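# Commentary on secondary and tertiary structure
What follows is the residue order along each chain.
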Amino acid sequence: VFEFAPSLIGQEVVFLVDTYMARLNVYVDGAEVYRRPGDINIERYYSIQPVPVRFKVTQAQHVVTFRVDTPLMTGVYELPFELHKYDPHDVSLAWYQFRGGEIRLLAGFVVVFFGFFFLLIFAKTKYPLYLVAAIGSISVFPFFAAPSDALLRVFAPEPLLYLHYTGLFTFFFAYLFTQFFYKAKPKTNMILGGVYFLTVIGIVLQIYYPNVDLFQKIRTMNFMMSLLLGVLALYQSIRGAMLKRPGALILCVGMSIFFVAGIHDMLLALGKIQSTGLIFSGVLGYTVSMLYVASNIFANTFVENKRLVGD
């Protein structure tokens, strides 16, 4: 229930609510003013960003009601959750939409391009570091791109919601990548990789056989495995940095960003805190550090080979 000063009657306001890809209906005094998906081919979906619901203040009190249909544990997933004055040039709203929309899609295509680039490098050099960097970059694509409004114009929100969690499997390859800078753990890789992959399969099966209770358990397990692999990758990169292995310190910084963001967003996803999601920044931070290190190794190898040919 919103109460307005007499001077505000006649002005337009915007109600911001972020329900993370969910189906959403918003009513003002019982009359529906917003629905998603509605005319999805001509309207923006506002996927993982605050939905701006615009209406005019016509009386001293308005009742705003919204219904969220989602398999997640929380309806209002993250901040902002507020009502403010309508502004045709709202910079804060434009930033929320860019951060939760366009930048994810751009990042997804840039990263997958680098993934195929390193796949080509591996085909030429047979050096497994490039293969791990390639698969790690390609596997994160669903996490970046599946929540995009472009795909939501074509597919229903629920399959894309499930699919985007599978992109977190990239952190198994993050763990493998950091082992090039300290110590390989083949037996541990098989056990952790197998368990992690089973959680991914369980999430994919939700597309065809949805079960909310089961999904919550699998999603929590998937988050925990991501964080565990993040901790192990952080340990490997720290030890590599202590041994002054080139690139290990940069990986350490990237993995630290992910680890902080991962802890924060696990608490957010479980409804323990109210905040704005950071996991995209964390995943992007580590992915960029991995691609930078792999590119640097490739460039240094090229320069060294050129010098050797000269000698």
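Read on for a plain summary of the structure. Every residue gets a number counted from 1 within its own chain, in the order that chain's sequence is written. The predicted origin of the model limits local features to residues at a pLDDT of at least 70 and limits the giving and counting of side-chain atom pairs to 80 or more, whereas totals for whole chains, interfaces and linings rest on all residues. To obtain the side-chain values, all non-hydrogen atoms of the structure were used and water was disregarded.

### Structural notes on the overall build of the protein chain
- Counting its regular elements, the protein chain contains 10 helices and eight strands.
- Exposed residues in this analysis have more than 50% of their type's maximum accessible area, buried residues have under 20%, and partly exposed residues fall in between, with area computed by a 1.4 Å probe over protein chains only. Put simply, the protein chain has 311 residues, and 46% of those count as buried. Going along the chain from the N terminus, every DSSP run of H or I of four or more residues is numbered as a helix, and every run of E of two or more is numbered as a strand.

### Here we look at the nonpolar core
- The criterion is simple. A nonpolar core is a set of buried Ala, Val, Leu, Ile, Met, Phe, Trp, Tyr and Cys residues joined through side-chain atoms within 4.5 Å. Counting 63 residues, the largest nonpolar core has Tyr 165, Phe 171, Phe 177, Val 283 and Tyr 286 as its most contacted members.
- Contacts are residue-level and defined by heavy atoms, with any inter-residue pair within 4.5 Å sufficient. Phe 177 has contacts with Leu 129, Val 132, Ala 133, Leu 251, Tyr 286, Met 290, Val 293 and Ala 294, leaving out every residue within four places of it along the chain.

### Here we look at the layout of surface pockets
- Buried and open spaces are told apart on a 1 Å grid over the protein atoms alone, a cavity being a set of points where a 1.4 Å probe fits but cannot get out and a pocket being an open set with protein on both sides within 12 Å along at least five of seven lines. Residues with an atom within 4 Å of a point are the lining residues. Grid points are joined across faces, edges and corners, and a volume is the space filled by probe spheres set on the points. Within this model, the largest pocket holds a volume of roughly 150 Å³.
- For the largest pocket, the full set of lining residues is Thr 74, Val 76, Tyr 77, Glu 78, Leu 79, Phe 81, Leu 268, Gly 271, Ile 273, Gln 274 and Ser 275.
- The leading source of residues in the lining of the largest pocket is strand 8 (residues 78-85), at three residues.
- The nonpolar class holds Ala, Val, Leu, Ile, Met, Phe, Trp, Tyr, Cys and Pro. Asp, Glu, Lys and Arg form the charged class, and all remaining residues, Gly among them, are polar. Residues of the lining of the largest pocket, tallied by class, amount to six nonpolar, four polar and one charged.

### Digging into empty space enclosed by the protein
- Summed over all chains, the structure comprises four cavities of 30 Å³ or more.
- Here the largest cavity is characterised by a volume of approximately 150 Å³.
- Lining the largest cavity we find 15 residues, and of these Leu 168, Phe 223, Asp 265, Met 266 and Ile 279 sit closest to its centre.
- For the lining of the largest cavity, the secondary structure elements donating two or more residues are helix 5 (157-165), helix 8 (212-242) and helix 9 (248-269).
- Here the lining of the largest cavity gets five residues from one element, more than from any other, and that element is helix 9.
- Taken together, the residues of the lining of the largest cavity sort by class into 11 nonpolar, three polar and one charged.

### Considering the sheet that holds strand 7 (residues 64-69)
- The sheet built from three strands is open, its strands ordered 4-3-7 with antiparallel pairing. For this open sheet the edge positions go to strand 4 (31-36) and strand 7, each flanked by a neighbour on one side alone. Direction aside, the axes of adjacent strands within the sheet are offset by 15° on average.
- Each pair of strands is called paired provided DSSP finds at least two bridges between the two strands. With six bridges joining them, strand 3 (residues 23-28) and strand 7 adopt antiparallel strand pairing. If you follow Asn 25 over to strand 7, its bridge partner there is Arg 67. The axes are straight lines fitted to the C-alpha atoms, using for helices just the contacting stretch, and the angles between their N-to-C directions are given from 0 to 180°.

### As for the environment of Thr 188
- Note on placement: Thr 188 falls in helix 7 (residues 186-205).
- The sequence separation of Thr 188 and Ala 31 amounts to 157 residues, and the corresponding C-alpha distance is 57 Å.

### A look at unusual backbone geometry
- Here Arg 36 and Pro 37 are connected by a cis peptide whose omega angle stands at -5°.
- Inspection of the secondary structure assignment puts Pro 37 in the loop between strand 4 and strand 5 (51-56).
- The residue after Leu 79, namely Pro 80, is reached through a cis peptide bond having omega 10°.

### Let's talk about the environment of Ile 207
- Residue placement: Ile 207 occurs in the loop between helix 7 and helix 8.
- With a relative accessible area of 27%, Ile 207 lands in the partly exposed category.
- The spatial distance from the C-alpha of Ile 207 to the C-alpha of Ile 103 is 26 Å, given a sequence separation of 104 residues.
- Leave out the neighbours within four places in its chain, and Ile 207 touches Pro 159 and Tyr 162.

### Regarding the pattern of salt bridges
- In what follows, salt bridge is the name for a side-chain nitrogen of Lys or Arg lying within 4 Å of a carboxyl oxygen of Asp or Glu. Enumeration over the complete set of coordinates arrives at seven salt bridges.
- Between Arg 23 and Glu 158 there is a salt bridge, and its shortest N-O distance comes to 2.7 Å. Note that Arg 23 is positioned in strand 3 and Glu 158 in helix 5, a separation of 135 residues in sequence.
- The class of Glu 158 is partly exposed, set by a relative accessible area of 22%.

### Considerations on helix 9
- For helix 9, which comprises 22 residues, the first-to-last C-alpha distance of 31 Å matches the rise-based estimate of 32 Å (1.5 Å per residue) to within 8%.
- Of the residues trailing helix 9, Gly 271 is marked for its positive phi of about 75°. The span one expects for a helix is its residue count, reduced by one, times 1.5 Å.

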